[in-house]
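Chain and residue survey
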Amino acid sequence: MARRDVLSIALTGTVLIGAGSLPGTAHAQTSASSHAGALTHEDMLAARQRAEAIVAQMEPQEKTYLTWGVMPLPIRPNSPPPPEGAIPAAGFVPGIARLGIPNLTETDGPAGISYVQGLRGDYATAMPSGIALGASFDRDLAYEQGRTIGQEARAKGFNVLLAGGANLARDPRNGRTFEYIAEDPLLTGQVIGANIAGVQSNHIVSTIKHFALNGQETGRRFVDVKISDKAARESDLLAFQIGIEIGQPGSVMCAYNKVNTERGCASEYLLNKVLKTDWNYQGWVMSDWGAVPGLYAAWNGLDQQSGAGLDPDVFFDDTLLDAAKADPARMDRLDDMNARVLTGLAATGVLDHPVKPGGAIDWKAHADVALRSAQAGIVLLKNAGDILPLASDAKSILVVGGNADFGVLSGGGSSQVHGEGGPAFMRPLMNSGAFASMTTEQYQRGAPLEAIRKRKPGAVVRYRPGRYASDAAALAAQMDMVIVFANQWMAEGIDVSDLGLPEGQDAMIAAIAKANPRTVVVLQTGGAIDMPWLDDVAAVIEAWYPGQEGDEAIAGALFGEFNPSGRLPITFPRTTAQLPREDVPGMIAFDPIAFGSTVDPSLKLETDYNIEGAEIGYRWNAKEGHKALFPFGYGLSYTTFRSDGLKTDGKTARFSVTNTGARAGRTLGQVYLVSRDGKPNQRLVGFERVTLLPGETKRVQVSFDPRLLAEWNGAGWTIPAGTYGFALGENAEDLGATVTVRLKARSWRD
Ligand code: BGC
């Protein structure tokens with residue numbers, strides 16, 4: 001019977017090793033070049049054999065059980081009750097008990113087990129958002145955060161985590177910038193790959209998503225992005241490729257948008273060619289929710305229709321089976337769809353380690369991961385006159401704005417997580433019906449104001465909401481210093497229209513800075529903003545959406561309890577005029593699309609990614625000669641560092657990093673390709689985190705992923721013969737002396 005009735009590291013890239021003995025220097029520790037037990041491609045191939053043996057035992061009707069799922073939530077007024085065994089969350093696919101296949105219980109997402117309208121009445125550890133993890137440039141932390149979230153998923157009875165956001169930040173106004181890692185393919189691929197490996201260490205599946213080129217939310221269900229194969233392979237696809245190699249996710253979630261006229265979830269190019277043929281990916285492709293245009297998606301590489309109630313029809317049930325019965329080639333494809341789902345389940349251990357709700361969660365240990373992660377993501381952007389850490393002689397402090405008396409900001413949409421006790425404060429921003437919680441600004445508990453007060457028992461600490469600048473500025477003039485919290489809320493489905501802070505916050509900061517130049521700004525933003533008041537404030541800290549421990553992390557950074565070490569994973573442009581597209585295409589023509597709403601398939605919108613091609617962010621700026629407000633890789637510390645002595649053969653680089661200041665701290669060794677045959681050509685080719693005591697020097701070695709030096713030649717990669725210039729960077733713009741290497745031509749296939 002059809003189920004229609006229930007409808008409703010092996011880290012490539014850098015390693016850090018002690019590199020020979022240098023008098024007077026300590027050696028950096030070996031960082032994890034792979035995480036114990038992480039899956040390999042060989043594990044996936046072995047799992048395929050087991051999967052095929054199970055498929056051979058399936059009755060014809062059973063072959064449509066794993067091929068589609070529902071969203072077990074009251075998404076329509078007349079939604080049927082959730083199927084037996086479903087947990088309120090993003091998705092449910094029934095298993096086949098007689099074959100030992102468990103139900104697939106699917107939850108978002110990348111920053112913790114998501115909240116889904118509060119229907120489960122539980123809470124979860126709310127981690128910092130993806131971009132904060134990107135700012136840590138820390139693969140081990142990414143693994144640890146994934147391991148922790150995966151453990152909570154398992155304990156709550158979920159065996160599929162809809163995590164692994166790997167789209168590149170092509171546009172800082174993209175409403176999902178906060179969910180993704182970076183604008184750079186190496187950083188994104190390595191961080192997300194480690195994160196996925198961490199999730200899957202719990203014997204559950206992680207996805208990597210949204211495949212691919214889901215670079216804006218405006219018109220996301222119909223926008224057609226134009227990009228050449230070469231540019232795609234060298235940018236967004238490379239990020240996914242590296243992430244898949246390292247993490248071996250059981251599943252890939254395809255994207256809403258079109259790519260060169262094909263729907264992402266029905267794209268012969270993306271799914272059959274790039275992913276399954278060129279990369280030999282063995283797991284399954286699940287659709288995004290409401291992204292399936294028709295049965296033909298199955299022939300073009302889609303293996304599973306998710307949240308089928310959001311599509312125009314259930315295409316992957318009897319319709320699929322009937323087509324398969326009529327054509328042996330299509331029956332082979334149906335068998336392959338099943339085998340792929342089972343490969344993902346077998347390889348990760350879902351088949352052998354069934355999940356059960358009600359597992360124990362070590363909340364304290366998980367909160368500690370959330371705290372370390374929030375700390376590692378914080379980027380110190382400005383610190384004039386070393387105003388930070390906060391001077392002990394500041395006797396009166398004014399805290400302003402950002403709802404800092406309630407909590408810390410979190411990102412909206414499907415990835416919204418509720419930390420312990422639920423949100424401290426909620427403000428609906430769009431009436432999205434049953435999905436209103438996704439467009440509601442929400443704050444994690446833990447008020448930064450209290451965290452500051454706690455650390456300043458003898459001082460006067462006052463607060464103003466900052467809704468009106470006048471009272472805050474008048475009071476600011478009377479205080480020793482001011483800490484302004486400024487927020488930019490983001491959510492999927494909605495892009496931000498410019499780089500300004502919303503709701504008059506820029507004017508408010510300017511008025512306060514004029515009244516008191518000893519003003520520190522704490523930003524909680526999903527991406528880049530343009531800071532027209534920058535010259536007038538003393539310090540700026542970027543905390544992103546820092547998760548449930550954000551209050552402690554922010555206060556800890558302000559008071560110098562730890563030394564900030566985050567670096568920008570995206571470029572902060574001076575103005576939108578520096579971006580490849582001055583406006584977000586379609587922003588004025590189309591209204592944001594509420595979740596769950598149907599979309600007129602005849603709507604037309606194109607976004608031309610061939611303008612920048614693979615030269616995204618700092619690479620675009622290098623090509624165009626733009627200077628950023630703050631460049632990629634930028635971040636200050638309470639100490640100072642020097643990197644020097646670069647030696648490279650074009651495959652690996654060795655250099656020294658030294659702490660030249662008076663405090664222990666953590667720096668980021670960054671190696672860039674800067675030129676080929678004298679022409680500017682910038683790419684991050686290696687990076688490594690190094691912790692140093694005052695005066696300490698460590699030698700660092702990183703190895704390059706050769707794809708970063710190469711060009712896509714239509715069938716594989718080519719490093720053209722030539723002279724390649726490399727440089728160490730304090731960031732993407734502050735580069736050391738160029739070291740040139742002559743490289744021979746070399747071509748290879750993946
Ligand atoms: C999002 C996905 C998410 C899915 C299920 C979609 O709106 O794009 O990232 O996993 O919903 O909640």
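First things first, this report covers the structure right here in the doc. (Residues numbered from 1 in each chain as written. Predicted model: local features only at pLDDT ≥ 70, side-chain atom pairs only at ≥ 80, totals over all residues. Heavy atoms only, no water.)

Let us look at the sheet that holds strand β14 (residues 425-428). Pairing is antiparallel across the open sheet formed by three strands, whose spatial order is β13-β15-β14. A strand with exactly one partner marks an edge of an open sheet, and here the two such strands are β13 (407-410) and β14. On average, adjacent strands in this sheet sit at an angle of 25° to one another, irrespective of strand direction. Here β14 pairs with strand β15 (residues 440-445) via four bridges, running antiparallel. Bridge pairing in β15 links Pro428 to Thr440. (Pairing = 2+ DSSP bridges. Helix = DSSP H or I, 4+ residues; strand = E, 2+ residues; numbered from the N terminus. Axes fitted to C-alpha atoms, helices over the stretch in contact; angles between N-to-C directions.)

A negative phi angle characterises most non-glycine residues, just as the trans form characterises most peptide bonds. The amide bond that connects Asp108 to the next residue, Gly109, takes the cis arrangement and shows omega of -10°. With respect to the helices, strands and loops of the structure, Gly109 is situated in the loop between β3 (104-107) and α2 (130-136). Cis geometry marks the peptide bond from Lys209 to His210; its omega dihedral reads -5°. Tracing the backbone through its elements, the reader meets His210 in strand β5 (residues 205-211). The residue Phe137 is not glycine, and still its phi comes out positive at about 50°.

Surrounding the ligand, one finds 13 residues, the nearest of these being Asp108, Arg176, His210, Asp288 and Glu492. A distance of 2.5 Å separates an oxygen atom of the ligand from a polar side-chain atom of Asp108. The separation between an oxygen atom of the ligand and a polar side-chain atom of Tyr256 is 3.1 Å. Burial of the ligand by the protein amounts to 97% of the accessible area it has alone, namely 310 Å². The class makeup of the residues in the shell around the ligand is five nonpolar, two polar and six charged. (Near = heavy atom within 4 Å. Polar contact = N/O pair within 3.5 Å; in protein donor to acceptor, adjacent residues only side chain to side chain. Areas by Shrake-Rupley, 256 points an atom, 1.4 Å probe, with all protein chains shown as cover. Nonpolar A, V, L, I, M, F, W, Y, C, P; charged D, E, K, R; others polar.)

Before going further, it helps to spend a moment on the sheet that holds strand β30 (residues 746-748). Where strands meet in a sheet, backbone hydrogen bonds hold them as pairs that are either parallel or antiparallel. The three strands are arranged β26-β27-β30 in an open sheet whose pairing can be described as antiparallel. Sheet topology places β26 (711-712) and β30 at the edges, where each strand pairs with a single neighbour. In this sheet, β30 lies alongside strand β27 (residues 717-719) in antiparallel orientation, the contact comprising three bridges. What sits directly across from Ile719, in β30, is Arg746.

Let's shift gears to helix α3 (residues 139-155). Residues three or four positions apart in an α-helix share a direction because the helix packs 3.6 residues into each turn. Over its 17 residues, α3 extends 24 Å from the first C-alpha to the last, a length consistent with the 24 Å expected when each residue adds 1.5 Å. Here α3 lies mainly inside the structure; 12 of its 17 residues are buried. Within α3 the residues assigned to the buried category are Arg139, Leu141, Ala142, Tyr143, Gln145, Gly146, Thr148, Ile149, Gly150, Glu152, Ala153 and Ala155. Those residues of α3 hidden inside the fold are in contact with α2, β4 (160-161), α4 (185-200), α11 (363-377) and β24 (679-692). N-capping of α3 is provided by Asp138, with a side-chain oxygen placed 3.0 Å from the backbone N of Asp140. With its phi angle positive at about 95°, Gly157 sits one or two positions after the end of α3. (Expected span 1.5 Å × (residues − 1). Buried < 20%, exposed > 50% of the residue type's maximum accessible area, 1.4 Å probe, protein only. Contact = heavy atoms within 4.5 Å.)

With that settled, the discussion passes to the pattern of salt bridges. The tally for this structure, following the rule as stated, stands at 44 salt bridges. Between Arg453 and Glu450 there is a salt bridge, with the nearest N and O atoms lying 3.4 Å from each other. Here the residue Arg453 and the residue Glu450 both occupy positions in helix α12 (residues 448-455), the gap between them amounting to three residues, near one helical turn. A relative accessible area of 32% places Arg453 in the partly exposed class. The exposure class assigned to Glu450 is partly exposed, which follows from its relative accessible area of 44%. (Salt bridge = Lys/Arg side-chain N within 4 Å of Asp/Glu carboxyl O.)

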